[in-house]
Amino acid sequence: MSSRPLTARSLQPLFAIGLTLASLVTSQADTVITFREQKKDGSHGPKETITITQGQAILQRASEPDHVLIFQENPSTIIHIDHHHRSYLRLDRERLEKMRENIDTLLARAYLNIEDYVSTLPTPDQRNARNRLTKKLNQLHPPEHLNTKDNPVRYEDTGERTNIGLHECKVLIGWEGDRKISELFVTEIASLNLPPEDHHTLQLFTEYLEKIAVSLPGKARIRATSRLALPRMDSNLFPVMMTNFWHDGSTTTLRLRSVHDIKVDPERLKIPRGYHPVDDGPSLGASP
C-alpha cells in the first residue's frame, strides 16, 4: 500500500482537532451563585450574588449596587470597591491585625471615658449613668463578639431529611460554643453542578469574611457577616436554604435561587482605573 504525502490540506483536520482539544483544556467555566433573602411574611428581600473564577470571587448585593467585594485566594485578600465614591479598601492579613489592635485600644479608651464622666456626677447618679453608658457601649460592640474567633463553629446533623424545591436536603444545626447560630438545609454540590474547586474558593472566602467581621465594631460586624454567612464545612455539601441567628436577636433566611456557568470579564476583578485607596479604621464611641 502506498502512503500519500502529508500536505497542508491533509493536515487541516488534524489542526482543527488540536485546536478544539486545546480550547477544552485551557478554557474554564466560571460560576455564578445567586441567593435571595426570604422574609417571615413570605416576601423576598435583596439578592446576594457570588461569581467565582479561578480562585477569586465577587460578592454583590442587589440593594447596594455601588458596593462590591472582591476576594483573592492567594494570598487571602478582600478588596471593597465603592463605585459611588470611586474608592477602594484592601483588607489583607496585615490590615486585619491592625484593625484588631485598634479595636482593643478604642474599647479600653471608651471604658476609661465612661469612668471619667461618671466621676464628675453626684454619687447617687453615678451607678445609673455607668450602667446606661456601659450598655450603650456593649450594644455597639457586644463583649461576646470579642471571643468569636476562639469558638470554632460545629455542625450537627439532626438526622432529618426534607425537600427544598427539587433538592433532597439534610438538616444541620450550626453551633458556636453553646449558641445556635444557624439552621441549614444542605445538599451535595454535584446535584447543583457546583465545581469542587469553586466550592473550595467559597469556603476560603467565607472564612476570610469571618476574620474581617471579628475585626469590626458591633453593627458593622453584623452587616459584614450577614451579607452571606456560608457554612465552613470541609465536605461536599452546600446550603439550599439557611437561617442565620445573630447576636442581636435578629435572623436572616437566604434561599439558593440558581447556580449557573458564565464567562467572567477579567476587568470585573480589577480595581477600576482612577479609584483612590482609603484607610478607614474602626471607630467606637461611648460619650454621654
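Calculation criteria
- Residues numbered from 1 in each chain as written.
- Predicted model: local features only at pLDDT ≥ 70, side-chain atom pairs only at ≥ 80, totals over all residues.
- Heavy atoms only, no water.
- Phe/Tyr/Trp six-rings, centres within 6.5 Å; stacked < 30°, edge-to-face > 60°.
- Helix = DSSP H or I, 4+ residues; strand = E, 2+ residues; numbered from the N terminus.
- Buried < 20%, exposed > 50% of the residue type's maximum accessible area, 1.4 Å probe, protein only.
- Core = buried A, V, L, I, M, F, W, Y, C linked by side-chain atoms within 4.5 Å.
- Contact = heavy atoms within 4.5 Å.
- Pairing = 2+ DSSP bridges.

Visitor: Before we move on, can you summarise the packing of aromatic side chains with the specific residues and values?
Guide: What the rule picks out here adds up to three aromatic pairs. With a centroid separation of 5.0 Å and an interplanar angle of 15°, the aromatic rings of Phe-71 and Phe-205 are classed as stacked. Here the residue Phe-71 occupies a position in strand E4 (residues 67-72), and Phe-205 occupies one in helix H4 (residues 196-214), the gap between them amounting to 134 residues. The same class applies to Phe-71 as to Phe-205, namely buried. The interplanar angle of 45° and the centroid separation of 6.3 Å between the aromatic rings of Phe-71 and Tyr-208 together place this pair among those described as tilted. Here Phe-71 is found in strand E4, whereas its partner Tyr-208 is found in helix H4, with 137 residues between them in sequence. Ring pairs connect the aromatic residues Phe-71, Phe-205 and Tyr-208, which therefore count as one cluster.

Visitor: If you had to explain the nonpolar core to someone new, which residues and values would you point to?
Guide: Ile-33, Phe-35, Ile-78, Phe-205, Phe-238 and Leu-256 are the most contacted members of the largest nonpolar core, which has 29 residues in total. It is H4 that contributes the most residues to this core, five residues altogether. Excluding its chain neighbours within four sequence positions, the residues that come into contact with Ile-78 are Leu-69, Ile-70, Phe-71, Leu-89, Arg-90, Leu-91, Phe-205, Tyr-208, Leu-209 and Ile-212.

Visitor: Can you explain the pairing of strand E6 (residues 87-91)? Please cite residues and give values.
Guide: Burial analysis of E6 places four of its five residues in the buried class, which makes it a mostly covered element. The sheet contact formed by strand E5 (residues 77-82) and E6 spans five bridges and is antiparallel. Within the sheet, the bridge partner assigned to Ile-81 lies in E6 and is Tyr-88. Remark: four residues form the turn of the hairpin made by E5 and E6, two consecutive strands paired antiparallel; Arg-86 in that turn has positive phi of roughly 50°.

Visitor: Quick one: what's the story with the sheet that holds strand E8 (residues 167-176), residue by residue and with numbers?
Guide: Note on sheets: strands pair through backbone hydrogen bonds, and any given pair is parallel or antiparallel. Read across the open sheet, the 12 strands follow the order E7-E8-E9-E10-E11-E1-E2-E3-E4-E5-E6-E12; overall the sheet is mixed. The two strands at the open ends of the sheet, each matched to only one other strand, are strand E7 (153-164) and strand E12 (276-277). Bridge count for E7 against E8 is nine bridges, and the pairing is antiparallel. Note on E8: the bridge partner recorded for Tyr-155 is Gly-174.

By themselves, these observations are geometric and do not establish any function.
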